[in-house]
Every structure is written in structure tokens, then in C-alpha cells.
Amino acid sequence: MNQLSDRLNSLSPSATLAMSQKSSELKAQGVDVINLSVGEPDFNTPDHIKEAAKKAIDENYSRYSPVAGYPALRNAIVAKLKNENGLEYTAAQISCANGAKQSVCNTILTLINKGDEVIVPAPFWVSYPEMVKLAEGTPVIVRAGIEQDFKITPAQLEAAITPKTRALILCSPSNPTGSVYSKEELKGLAEVIAKHERVIVIADEIYEHINYIGKHESIAQFADIKDRVVIVNGVSKAYAMTGWRIGFIAGPEWIVKGVNKLQGQYTSGPCSVSQKAAEAAYTGTQAPVEEMRKAFERRRDLIVKLAKEIPGFEVNVPQGAFYLFPKCDSFFGKKDGDRVINNADDLAMYLLEVGHVACVGGTSFGAPECIRMSYATSDENIVESMRRIKETLARLK
């Protein structure tokens, strides 16, 4: 009997990883595919961070670390939160993990019981609802379309809260839309949360430094809910360290202790050498972060301009991250020969197989009328991919 657990069977595979795999398979066959499906910077990790990792190896940082991470790294995160965000935490309120992805999942598994509801604004990162289901909770999807810049309103949040609501997952800047909540918008949501004492906010801020509005705003800044906010962040996006696998949470000590208890039973502390590299990322020069942010902003401007020139696309201007999320339902029902485009997933596969550009259909993001494109690639790739997409879509009648 090859019977997997019901827990595993309840989960959907990652659409982003699946499309990236499909793209890699075509490339291996000699097809010239431009991959806009990958959610990671195309830059290399800055040299001073790599040097810190080499030094850590030479200094024999090769043994188990504390479950929550080395004190030096947690103190560096405390300093980062104070200096950059104006937020006061102690090292006991920080827990490091194998990437921000594990940090989100740790928090959900620590807080959610069977039947608890977790509000997930849509469009959402594909893993949020699956993590809630893993914890036997119920994802409650609150949809925000392109007409409201993919951001939910306080009224929508209030309407979604029930006696079973345990958490809200908020991602700003957003994957997959690039939308960024302003301070005033966050204040409105915080005022709703303040009225519901059982509700915890899981604030995924992994794209914090990739924003084009001047300053990141955290929902943890509002004093009346700070003790019910868990910030999730890490080094993967800002410092081009996706493979190093270091993320963290900052939050109430009782939640952090729970996360440490959980993590202590199934992964223990994250990679020792990666922690020393992350410490250097937070304590060293931040110049590479700004250089990468400027490059992403230039690419954002380029891809938005070119996407707006594609008939049938409805495009907003993302204010952070490195994704464009055009609405493309005007192509649904159209054909190229015998091939019919029924939804965004069909369209994404059509663009891959015919146009040789890898995007991700919006269904898995809770927005079946859109597709996600990552512009974490060269200007040349952006120009060529938009040319291919425009040419390919023109074939649909």
C-alpha cells in the first residue's frame, strides 16, 4: 500500500515551483525559455557576506546552534528592527529558522488548532492557505482585485472576522502583486484588529527592502496591537541570499517560546555558517541592498511600460517586490487553432509552450484572472520576454 497521509494529500503542490521545473525541462531540451516564474533575486550575495561565511568555516562554526539561533544574530536583528523600523524587541522575542517560509509555517503551526480560521487576503502567496490546512485550520479568503490595487480594506477585514478567527496573514510588499500597504492603510486594519483580542497578525515583510515608496511601514508600529503581531522577515530577498535559508520571527515572547519548542523537535537551529553570514548582512554595509533596489525599480518601470503596450492586459503599478500581476481575463475563451484559453493557468502554459516565456497562472494565488511575472531578471530578458508575449497573444482570436 503506497498510502500517503491525509495531511499530505490535503495539500496542493507549489504552482511556482512546478512552473519553474517545467521551464527547466524545456531548457534542457534546448528550448530558449525566458523564466519569469522564479521569485528570487538574480544578483549574487554581496562579497562581505560571503567573506563572513568563509571566516565562520575557518573558525569552526560547524556545530549545532541554539534552536532559536545564535545570540549574536538575534541581537543583530534586534538592532535592525530598532534602527530601521523603530520597533523595540529583545533577543528572547526573536527566533531564527530555515528561511522565512519556515518562519511563517512555524508560527501557523504554533497558533492554529483544528477548525480555527485564518484570514488570507487574495491574491496571496501560494503557500499560505496550504500551511493553514497543514495545521488543520480553515483559510478564509478575502479577495481584493486590481481595481483596489490588490489591497483589502478595513471593512472587508471586519466582515471576515468571526468567533473562530485566530489570525490574519498580511504580506506587504506583496507576493504576487507587488502592492504595498501605506501607513494609513495599515492603521485602518490595525484599528479593526484591536477590537478582536483573539486575532494575531502574521506580518510577512520579507520584501521590506524592495519597495519604491521610500519607506517600509510595519503593522507592528501600532502600540495597541504590537503584542499581537508576529513579524516574519529574513535575508533572502534584500541580500540575495535565497539559498542560505535564514529567516526569523519577531513577536510576543510566548509565541516565540512556542515556535522554539516546535522547531526544537523537527529541525533544530538553522545552518550555523548561514547564520554568521546573515549576521554580517544585518551589521555590515547596506549599500548593496540599495543598489539592488534601484535596479529592481528600473526594471519595474520597464516591464510596466512594456506590459501596458500589450493589448488585452490590464496593468497596475506595483510599489514593491519584483512581480507584475496583470489581469488577463480578456483572453479567456480565445483560441489559437484547436487550443482554447479557458483560464490564466491555460494562458501561462500557452505562453511557455508557444512563446517560450515562463509565467505563473494566478489560480494558485487566489486570482484566476491574472498571471504573475517576476522581473528579477535582466533588462534584456524583460524586453525580449514582453516582445514574445505580445507577439504570442496576438495569435489568439
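Residues numbered from 1 in each chain as written. Predicted model: local features only at pLDDT ≥ 70, side-chain atom pairs only at ≥ 80, totals over all residues. Heavy atoms only, no water.

The name recorded for the chain in an unreviewed UniProt entry is Aminotransferase, from Bacteroides mediterraneensis. Within the UniProt record for the chain, the comment given under Sequence similarities (unreviewed entry) is "Belongs to the class-I pyridoxal-phosphate-dependent aminotransferase family." (UniProt positions renumbered as here; feature names shortened; annotations may be inferred.)

**Q** Outline the nonpolar core, listing residues and values.
**A** One recurring pattern in soluble globular proteins is that nonpolar side chains are buried together. Core analysis: the biggest nonpolar cluster contains 79 residues, and I108, F313, M373, M386, I389 and L393 have the highest contact counts within it. Ignoring sequence-local partners within four residues, the contact set of I389 consists of I310, F313, L351, V357, C359 and M373. Within the second largest apolar cluster, 48 residues are counted, among which are F222, I225, I231 and F248. (Core = buried A, V, L, I, M, F, W, Y, C linked by side-chain atoms within 4.5 Å. Buried < 20%, exposed > 50% of the residue type's maximum accessible area, 1.4 Å probe, protein only. Contact = heavy atoms within 4.5 Å.)

**Q** Give me the lowdown on the pairing of strand β3 (residues 117-122), citing residues and values where you can.
**A** Where burial is concerned, most of β3 is hidden: six out of the six residues are buried. Because side chains alternate across β3, one face comprises the buried residues E117, I119 and P121, and the other comprises V118, V120 and A122, equally buried. For β3 and strand β4 (residues 138-143), the ladder comprises six bridges, and the chain directions are parallel. Paired with V120 across the bridge in β4 is I141. As a crossover connection, the stretch from β3 through helix α6 (residues 127-134) into β4 is right-handed. As defined by bridge partners, β3 adjoins strand β5 (residues 165-171) across three bridges and the pair is classed as parallel. Note on β5: the bridge partner recorded for E117 is T165. (Helix = DSSP H or I, 4+ residues; strand = E, 2+ residues; numbered from the N terminus. Pairing = 2+ DSSP bridges. Right-handed = clockwise from strand over helix to strand, strands pointing away.)

**Q** Account for the sheet that holds strand β13 (residues 360-361), naming residues and giving values.
**A** As summarised here, the arrangement of the three strands in space is β9-β14-β13, forming an open sheet in which the pairing is antiparallel. If you trace the sheet from one side to the other, it starts and ends with β9 (323-324) and β13, each paired once. Judged from the two bridges that link them, β9 and strand β14 (residues 371-374) form a sheet pairing that is antiparallel. Looking across to β14, one finds that L324 is bridged to M373.

**Q** Hey, could you go over the pairing of β14 for me, with residue numbers and the actual values?
**A** Neither face of β14 is left uncovered, since the one carrying I371 and M373 and the one carrying R372 and S374 both have all their residues buried. Relative to β14, β13 runs antiparallel, the two sharing two bridges. Bridged to V360 within β14 is R372.

**Q** Break down the UniProt feature "domain: Aminotransferase class I/classII large" (unreviewed entry) in the chain for me, with residues and values.
**A** UniProt tags residues 32-388 as "domain: Aminotransferase class I/classII large" (unreviewed entry). Taken end to end, residues 32-388 is 38% helix and 15% strand, and its first and last C-alpha atoms sit 12 Å apart.

**Q** Go over helix α9 (residues 253-266) with me, naming the residues and quoting the values.
**A** For α9, which comprises 14 residues, the first-to-last C-alpha distance of 20 Å matches the rise-based estimate of 20 Å (1.5 Å per residue) to within 8%. The elements touched by buried residues of α9 are β2 (94-97), α5 (100-111), β6 (200-204), β7 (229-234) and β8 (247-250). (Expected span 1.5 Å × (residues − 1).)

**Q** Can you lay out the packing of helix α11 (residues 287-308) against helix α13 (residues 379-393) for me, pointing to particular residues and giving the numbers?
**A** One can describe the packing of α11 onto α13 by two numbers: an axis separation of 10 Å at closest approach and a directional angle of 10 degrees. By the criterion of interaxial angle, the relationship of α11 to α13 is roughly parallel. Contact residues: α11 offers R298, R299, L302, I303, L306 and A307, while α13 offers D379, I382, V383 and M386. Tallied by class, residues from the contact of α11 with α13 come to seven nonpolar, no polar and three charged. (Axes fitted to C-alpha atoms, helices over the stretch in contact; angles between N-to-C directions. Parallel < 35°, antiparallel > 145°, perpendicular 65-115°, else oblique. Nonpolar A, V, L, I, M, F, W, Y, C, P; charged D, E, K, R; others polar.)

**Q** Hey, could you go over the sheet that holds β8 for me, with residue numbers and the actual values?
**A** Across the sheet, seven strands lie side by side as β2-β8-β7-β6-β5-β3-β4; this open sheet has mixed pairing. In the strand order of this sheet, the two ends are held by β2 and β4, each with one partner. Pairs of neighbouring strands in the sheet enclose a mean axial angle of 20 degrees, with direction left out of account. Those strands touched by helix α4 (residues 71-85) are β2, β7 and β8, and its axis lies near 115 degrees from that of β2.

**Q** Outline the packing of aromatic side chains, listing residues and values.
**A** According to the stated counting rule, one finds 12 aromatic pairs in the structure shown. The interplanar angle of 80 degrees and the centroid separation of 5.5 Å between the aromatic rings of F43 and F296 together place this pair among those described as edge-to-face. Of this pair, F43 sits in the loop between β1 (34-35) and α3 (47-58) while F296 is found in helix α11, placing the two residues 253 residues apart along the sequence. Both rings, one in F325 and one in F365, keep their centres 6.0 Å apart while their planes meet at 90 degrees; by these two values the pair is edge-to-face. One end of the pair, F325, is in the loop between β9 and β10 (335-336); the other, F365, is in the loop between β13 and β14, and 40 residues separate them in sequence. For the residue pair F325 and F365, the accessibility class agrees, reading buried in each case. (Phe/Tyr/Trp six-rings, centres within 6.5 Å; stacked < 30°, edge-to-face > 60°.)

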